[in-house]
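Chains, contacts and geometry: an overview
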Amino acid sequence: LTQSRYPSYLPQFIPPFSLLWIGMMHDLWWYHGDADFLRQFLPGERGVLGWFEARLAPSGLLGNLGWWNFVDWNEDFKYGVPAQEADGQSAIISLQFAAALREAAELESAFGSSERAAHFKSLADRITAAVYKTCWDSSRRLLADTPARRHFSQHANILGVLTDAIPTAKQESVMHTVLSDATLTQCSYYFRFYLFRAMKKAGLGDEYLSQLGPWRHMLSLGLTTWAERPEPTRSDCHAWSAHPNFDLLATVAGVEPASPGFGTVRIAPHLGELRQLKATMPHPEGNISVEYARDGDRLTADVELPRQLSGSFVWKGETKPLHPGRQRLTF
């Protein structure tokens, strides 16, 4: 496992953070490429995933892991650790493992081992199927946090959507419940990054701006940087709650890579109630600039792409091609 702080006199390990390290590798590959740089870390990625695979329980979920299995700061997760069975089974951490396996499978397919890629993908499919079989509660139509089905959180259902452990046909309904059911254990600033990913995946991206209440509250407190957690907080300058900086570009402006290394672009804005928007996003070849104006049901989009960058623009289910340079699209 990767250490969660280093160097440190007292070694500390947070197993889920090792899974997120694999996600960081995937993000770097997706946004910038760097396969030659990343290839040296594949043995470490395989070691992390092997450590988790060796701890799978007969049910197909992860068993006891040891160390500090932090997932999120909230009132229901003691020391940030979600509900687990006596033998360690947790839908949340098992789905984090499945997500890392899927990301690792893509890395291995691109510049590693095709055999490992196939194994990681197959294992992820088995884990997501096991979580759905053991933790889906048909009466609440939600994933429970453990097979005992006594604890329910936003977290398990967010990850169920992101990993497709929850069938696609049920994902929009589940996310409506996640956003409206206050009895669920709620995400803090940190985990709302994944909430926003799941909203967008389930077709609720236009709800993003209405979900920024916690950040507006931080502004009302006079903060000029984002806090680690709601009061009492130990840090008023924390990177993990700064993700609106990302989502204003990736979700609201809708600019994201469509292939590794940002080789192509997909622009799919989620404007909510906004009538106009201008945004610029850096790209390895230059800047991507967009300007949107809405008049009733009509959208006008002025897009400028760097040289050699092409892609697509998506609005309300309609897709149009994008070419390098300036262009205007109307919907």
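Here the structure is a predicted model, which is why all the values come from computation and not from measurement.

1. A short note on the packing of aromatic side chains
- Summed over the entire model, instances satisfying the criterion amount to 27 aromatic pairs.
- Relative to Trp67, the ring of Phe13 lies with its centre 4.6 Å away and its plane at 55°, an arrangement referred to as tilted. In this pair, Phe13 sits in the segment before helix 1 (15-32) while Trp67 sits in the loop between helix 3 (42-53) and helix 4 (91-111), placing the two residues 54 residues apart along the sequence.
- Residue Trp67 is classed as exposed on the basis of its relative accessible area of 55%.
- Aromatic side chains Tyr31 and Phe246 sit 6.4 Å apart centroid to centroid with 65° between the ring planes, which places their arrangement in the edge-to-face category. Highlighted residues: Tyr31 in helix 1 and Phe246 in helix 10 (residues 244-252), separated in sequence by 215 residues.
- Using a relative accessible area of 28% as the deciding quantity, one classes Phe246 as partly exposed.
- Ring-pair connections join several aromatic residues into one group, and the members of that group are Phe17, Tyr31, Trp68, Phe70, Trp73, Tyr190, Phe191, Phe193, Tyr194, Trp240, Phe246 and Phe262.
- Here the basic side chain of Arg55 rests over the ring of Trp51, its NZ or CZ set 3.9 Å away from the ring centre.
- A cation over a ring is seen here: Arg140 above Phe152, with NZ or CZ 4.3 Å from the ring centre.

2. Describing the nonpolar core
- Ranked by size, the top nonpolar core spans 89 residues in total, and within it Met175, Ile267 and Phe313 carry the most contacts.
- The greatest single-element share of this core, amounting to ten residues, is contributed by helix 4.
- In this structure, Met175 is in contact with Ile158, Val161, Leu195, Ala198, Met199, Ala202 and Leu204, ignoring residues within four places of it in sequence.
- If you look at the next biggest cluster of nonpolar residues, it comprises six residues, including Met25, Trp29, Leu107 and Phe111.

Parameters and conventions
Residues numbered from 1 in each chain as written. Predicted model: local features only at pLDDT ≥ 70, side-chain atom pairs only at ≥ 80, totals over all residues. Heavy atoms only, no water. Phe/Tyr/Trp six-rings, centres within 6.5 Å; stacked < 30°, edge-to-face > 60°. Helix = DSSP H or I, 4+ residues; strand = E, 2+ residues; numbered from the N terminus. Buried < 20%, exposed > 50% of the residue type's maximum accessible area, 1.4 Å probe, protein only. Lys NZ or Arg CZ within 6 Å of the ring centre and 35° of its normal. Core = buried A, V, L, I, M, F, W, Y, C linked by side-chain atoms within 4.5 Å. Contact = heavy atoms within 4.5 Å.

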